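A structural walkthrough
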Amino acid sequence: EKTKVAKVSPGVEDGPDTKKAKLDSSETTMVKKRVVFCQLKEALAVDWSGEKAKAALKRTTPDYFLLQ
């Protein structure tokens with residue numbers, strides 16, 4: 001859910017009333033978003049002994065392994 005931003009007509013100066021109109025949180029719009037994750041089986045089957053994996057290992061936070 002996102003807050004709708006009110007459009008300001010082009011000839012209006014940018015004063016305090018204009019800012020209030022832009023930040024009016026009474027109107028919202030629903031936004032659909034789809035996120036695709038890999039299967040848990042694939043995530044657990046990662047081989048960390050390869051050359052590419054060693055480079056990725058440096059960028060991976062320790063939290064990942066704690067969760068695993």
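Here the structure is a predicted model, which means the values were calculated and not measured. Residue positions within a chain follow its written sequence, with the count starting from 1. Local features are withheld for residues below a pLDDT of 70 in this predicted model, meaning they are given only at 70 or higher, and side-chain atom pairs are given and counted only at 80 or more; totals for whole chains, interfaces and linings count all residues. Water and hydrogen atoms were dropped before computing side-chain values, which therefore reflect all heavy atoms in the structure.

The subject of this paragraph is the overall build of the protein. When its secondary structure is counted, the protein shows four helices and two strands. The helix and strand labels rest on DSSP assignments: H or I over at least four residues marks a helix, E over at least two residues marks a strand, and numbering proceeds from the N terminus. Each helix (α) and strand (β) of the protein, taken in turn from the N terminus, gives the series β-α-β-α-α-α. Partitioning the contacts of the protein with sequence separation of at least 6, the portion at a separation of at least 24 is 38%. Carbon and sulfur atoms make up 57% of the accessible area of the protein, which totals about 6800 Å². Should any heavy atoms of two residues lie within 4.5 Å, those residues are considered in contact. Here, Shrake-Rupley sampling with a 1.4 Å probe gives the accessible areas, and only protein chains in the shown set may cover a residue.

Classification of ring pairs rests on two measures: the distance between centres of Phe, Tyr or Trp rings, Trp counted by its six-membered ring, which must be within 6.5 Å, and the angle between planes, read as stacked under 30 degrees, edge-to-face over 60 and tilted in between. By the definition in use, this model includes three aromatic pairs. Here the aromatic rings of W48 and Y64 are separated by 6.0 Å at their centres, their planes lie at 65°, and the arrangement is edge-to-face. Taken together, the residues span a long stretch of sequence, with W48 in the loop between α2 (40-44) and α3 (51-59) and Y64 in helix α4 (residues 62-67) at a distance of 16 residues. When accessible area is computed with a 1.4 Å probe and restricted to protein chains, residues below 20% of their type maximum are described as buried, those above 50% as exposed, and intermediate ones as partly exposed. Judged by its relative accessible area of 25%, W48 falls in the partly exposed class. Residue Y64 is classed as partly exposed on the basis of its relative accessible area of 29%.

Keep in mind that low pLDDT regions are not for reading the predicted coordinates in detail. Every residue is assigned a pLDDT by the predictor, reflecting its confidence on a scale from 0 to 100. For the protein, the mean per-residue pLDDT works out to 75, and 69% of the residues sit at or above 70. Within the protein, no element has a lower average pLDDT than helix α1 (residues 16-22), which sits at 54, and none a higher one than α2, at 87.

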